[in-house]
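Coordinates in review
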Amino acid sequence: MASRRPSLAVPGRDSNQSSVDGRRRSSVRLSQGQVEELKSAEEDGAQDGDDDQEDDEDSDEGEEEEEDLYQMDPQTAETSPDYWQIHKMVKYLKAGNATCTAVALVGLKDCGLHQEVCQLALKMVGGLEVLLNILRTNNLRCNIGALQVLESACGHVTTRATVYKLGGLQVLQGLVGHNSVEVKGLAASVLAQVCALSTARSALIRDDGIPKLVSLLCGDPNTLCNDSEMGAAVEGAARALWACSVSRAGRNALLRAGGLELMGRLLCIQKTSLLIPVVGVIHQCLTETAFRERVEQAGYTSSLVKLLHSPSKQLQVLATKAIARCSVLETTSNRLVKEGGLEVLVNLLKQEAEPFTRAIIERDPAFARDTGLINDAPGGGVNVSRKASMMPDAGAASQVQEQVSKDNGENGEPPEGQDQDEDTDAGGGEGTTVGDSELLEAVSEAIWHVSMVPEHVTALKDLTTVPILVALLHHDDEKVLTNVVGALGEASCDQECCMILLRGGGVTTLIQLLRRTSDKLLLNVTRALGSCAADNDALDALLQQDGLRLLWSHLKNPNCRVQASAANAICTCLQRETEELAEVVRSLVGGIELLVSLLESDSEAVLSAVCAAIAKIAQDPQNLAIMTDYGAVTSLSKLAVRENDSLRPYLAEAIAACCVSRETGLLFGQAGAVAPLVQYLETDDSKIRRPTCRALHRLSLEPENCVTLHQSGAVPLLLEMLGSEDEVVQEAAADCLRNIRLLALQRCKMQTTRSARSTPRGNHSSRR
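Nothing here was measured: the structure is a model prediction, and the numbers come from that model. (Residues numbered from 1 in each chain as written. Predicted model: local features only at pLDDT ≥ 70, side-chain atom pairs only at ≥ 80, totals over all residues. Heavy atoms only, no water.)

Some details on the overall build of the protein
When its secondary structure is counted, the protein shows 48 helices and zero strands. Burial status across the protein gives 55% buried among its 768 residues. Partitioning the intrachain contacts of the protein with sequence separation of at least 6 by distance along the chain shows that 76% fall at a separation of at least 24. With an accessible surface of roughly 33,600 Å², the protein has 47% of that area assigned to carbon and sulfur atoms. (Helix = DSSP H or I, 4+ residues; strand = E, 2+ residues; numbered from the N terminus. Buried < 20%, exposed > 50% of the residue type's maximum accessible area, 1.4 Å probe, protein only. Contact = heavy atoms within 4.5 Å. Areas by Shrake-Rupley, 256 points an atom, 1.4 Å probe, with all protein chains shown as cover.)

Laid out in structure tokens, this is it:
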């Protein structure tokens, strides 16, 4: 489309040279031109239409599949005045010398390049190629201006992809080693945005760009707050490393370059905009076990806990997520409890859960009063941490607040596009704002990991954490629910915590959550209900509200982990051996058949859980008969040959529970389950020996099985079991040997009788 605006092309230049190579050659001539050329350029308007058409065609050639990522139509963009302003500035870049190039770059910065129409215009008129060519020159002022323009323009994924395809990654890598600190920082900042693309990130790691970025972190941390240029360079390098640390290869390269130690040194800086990418890098690296161990050994957890008091919401979230990932280690959990970090996390949990605690206080004041929620209600304030080792002093807190005010909303977001990666998730997200539930999700995850150590549950009780978690069961966010239910599942192993959960209506809520579809949530819900079922009152509530049927329904879940967790919960529910409960199991249509069918599963965890459940169900004779009809004996016998120590104790217990009669023992013997069980006695694990001896004792009630036991070499092993310290093992082994010996004596008796009958006849005949 022909434009009515005057052309800004240099007189005497060939207007048809609009290819990428042509632009590069013309951009080199820009630094050698004169200022007068810029004035004379406005006098020629005849070649305007051809230049516009050629520029649009070339920009379309490099756009490829990224073109549809722009929401604005190119034809619509051409009607915008911003489009023509960008067009005019790029013409100046192509036609001027160093001075007019610098003036044009200043004009480009003022064009609002964060807008999509300006980014689209910059790409369509070939401005990105010109900017990259300017970066190849040795003019410091132009290099800085071009980097500032690219930093503003690379906010869109298509712009970043175009910069990468034009070879901008190699140019930016070279500028990271520039003599100017300002150029280094701007180049690293642009790299951070471009490396949000997985292809660019992989290319940077492959070209050994990580060590160059790590080298920018080697400055003195104490001077970064006063030296703005060096601080900007370190911040840009940290953001670029944050973008690269999303992938496993980037994390490994960072570890080899010594970047973790340098990042740890920067945790003491009171500058929020710099701390955000630093903590973001540490958070990403903590997905690797090697990084977790190094972070714990270096004691960075204490510094991360102090950052929880930062006024920056995003910094709080990143620090909490890093703590949550690191708290998987028991040593880190112990440090948090010992040095007061857990109290800081609980205080954050109370602040974020304030609406939910207020709701439960209004609904059940007696429960809130008995569990201590009223003292921690919004009107009563928040308890102050009793341990100050992880608390910042007043001076540090004021410095943080002062720095946040000084930054005045300075960008603290991670590089855009770090939402997902093949190896791990990107923790920061794309925007500068933090979701309403993101901090609560991170805090609840950290508390969940700390509660995995049984000794820490007491500390959680003292901090009145359990009733707050019960209140959060009504949260809408699925990730928050997953973490909250996980923490309650660990805490409900304690009887007092289980009673708090029951009184607050938590068991009822957990049963309702069984109707959700998220595998992660269902896994934690089934575990929590299994822990609660160990308490008689909680088990009564679970059975009255149809919880057993809902648990049984998840045996059909396609996720093996959910199946195993549901089977374990069912096994805990069946610990109460009553006729009513056995009748409930029979009333589940297809329930026993479904359970037996899971014996064909490929998951060892599912097989172990199902065997444990079968051992409980077999206590009722009618249920045992039903399982036998569905082929439980054959399926259990097939599993006996597996050499898996985690499966063997549950399998032996199931076989022992099913062998209540000689007929069932005969079926197991015919299915070939006796000889493999003898090999179980060769282990030193008492958890395997005990159920195996019980199973062999019951199998030995059938004479044919005694013959198999003797032929399989069970007698020496059983004699060894007589010296065991476990009385159950001693008794079962002695009874099994007795049955084998009785069969042997019976055979000897029969042989003696036969020989006695045959001897007189032989002697009589000899006399004759």
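Comments concerning the pattern of salt bridges
Across all of its chains, the model carries 23 salt bridges by this definition. A salt bridge links Glu235 to Arg239; the nearest nitrogen and oxygen atoms lie 3.5 Å apart. Placement of the pair is Glu235 and Arg239 together in helix 15 (residues 228–244), with a separation of four residues, close to one helical turn. The two residues Glu235 and Arg239 agree in class, both being buried. With a shortest N-O distance of 3.2 Å, Arg586 and Glu579 are connected by a salt bridge. Judged by relative accessible area, which is 45%, Glu579 ranks as partly exposed. (Salt bridge = Lys/Arg side-chain N within 4 Å of Asp/Glu carboxyl O.)

What about the state of the cysteines?
For the structure shown, the criterion picks out zero disulfides. There is no disulfide at Cys658, and the cysteine sulfur nearest it, in Cys659, is 6.9 Å away. The buried category is assigned to Cys658, whose relative accessible area is 2%. (Disulfide = S-S within 2.5 Å.)

A word on helix 47 (residues 714–721)
An α-helical turn contains 3.6 residues, so any two residues separated by three or four positions project in the same direction. Three or more residues of helix 47 are buried, namely Ala714, Leu717, Leu718 and Met721. Considered in projection along helix 47, the buried side chains sweep an arc of 100° and stay on one side of the axis. (Arc of directions from axis to C-beta.)

Observations regarding the nonpolar core
With 227 residues, the main nonpolar core has Ile86 and Trp552 as its most contacted residues. A total of 10 residues in this core trace back to one element, the largest contributor, which is helix 39 (residues 604–617). Apart from the residues within four sequence positions on either side, Ile86 is in contact with Leu108, Cys111, Leu113, Cys118, Ala121, Leu122 and Val125. (Core = buried A, V, L, I, M, F, W, Y, C linked by side-chain atoms within 4.5 Å.)

Looking at helix 18 (residues 272–285)
With 14 residues, helix 18 extends 20 Å from end C-alpha to end C-alpha; this agrees with the ideal 20 Å at 1.5 Å per step. When you tally the buried positions in helix 18, you get 14 out of 14 residues, the bulk of the element. (Expected span 1.5 Å × (residues − 1).)

Describing the environment of Thr301
Structurally, Thr301 can be placed in helix 20 (residues 300–306). Ignoring sequence-local partners within four residues, the contact set of Thr301 consists of Val295, Glu296, Cys326, Thr332, Arg335 and Leu336.

A short note on the side chain of Ser531
You can see Ser531 is positioned in helix 33 (residues 519–532). In this view, Ser531 contacts Gly489, Ser492 and Cys493; residues no more than four positions away in its chain are not counted.

Some remarks on the packing of helix 43 (residues 662–670) against helix 46 (residues 703–711)
Viewed as axis vectors pointing N to C, helix 43 and helix 46 meet at an angle of 40°, and their least axial separation amounts to 9 Å. Of the possible angle classes, the one that applies to helix 43 and helix 46 is oblique. Viewed along their axes, helix 43 and helix 46 form a crossing whose handedness is left-handed. On helix 46, the residues touching Arg662, Gly665, Leu666 and Gly669 of helix 43 are Pro703, Glu704 and Asn705. (Axes fitted to C-alpha atoms, helices over the stretch in contact; angles between N-to-C directions. Parallel < 35°, antiparallel > 145°, perpendicular 65-115°, else oblique. Left-handed = near helix turned anticlockwise from the far one by under 90°.)

Some words on the side chain of Asn143
Topologically, Asn143 is positioned in helix 9 (residues 140–153). Given the relative accessible area of 1%, Asn143 is considered buried. Beyond its immediate sequence surroundings of up to four residues, Asn143 is in contact with Ile134, Leu135, Thr137, Asn138 and His178.

Considering the environment of Gly231
You can see Gly231 is positioned in helix 15. When the C-alpha positions of Gly231 and Gly185 are compared, they lie 8.4 Å apart, and in sequence the two are 46 residues distant. Filtering out sequence-adjacent residues up to four positions away, Gly231 remains in contact with Leu224 and Lys271.

Some thoughts on unusual backbone geometry
One non-glycine residue with positive phi stands out, namely Asp208, at about 60°. Inspection of the secondary structure puts Asp208 in the loop between helix 13 (198–206) and helix 14 (210–215). Positive phi values are uncommon outside glycine, yet Asp546 reaches one of about 65°. By secondary structure assignment, the location of Asp546 is in the loop between helix 34 (536–544) and helix 35 (547–553).

Some remarks on the environment of Ala359
The residue Ala359 is located in helix 24 (residues 354–363) in this model. By relative accessible area, which is 34% here, Ala359 ends up partly exposed. Once the C-alpha coordinates of Ala359 and His474 are considered, the two residues, 115 residues apart in sequence, prove to be 9.9 Å apart.

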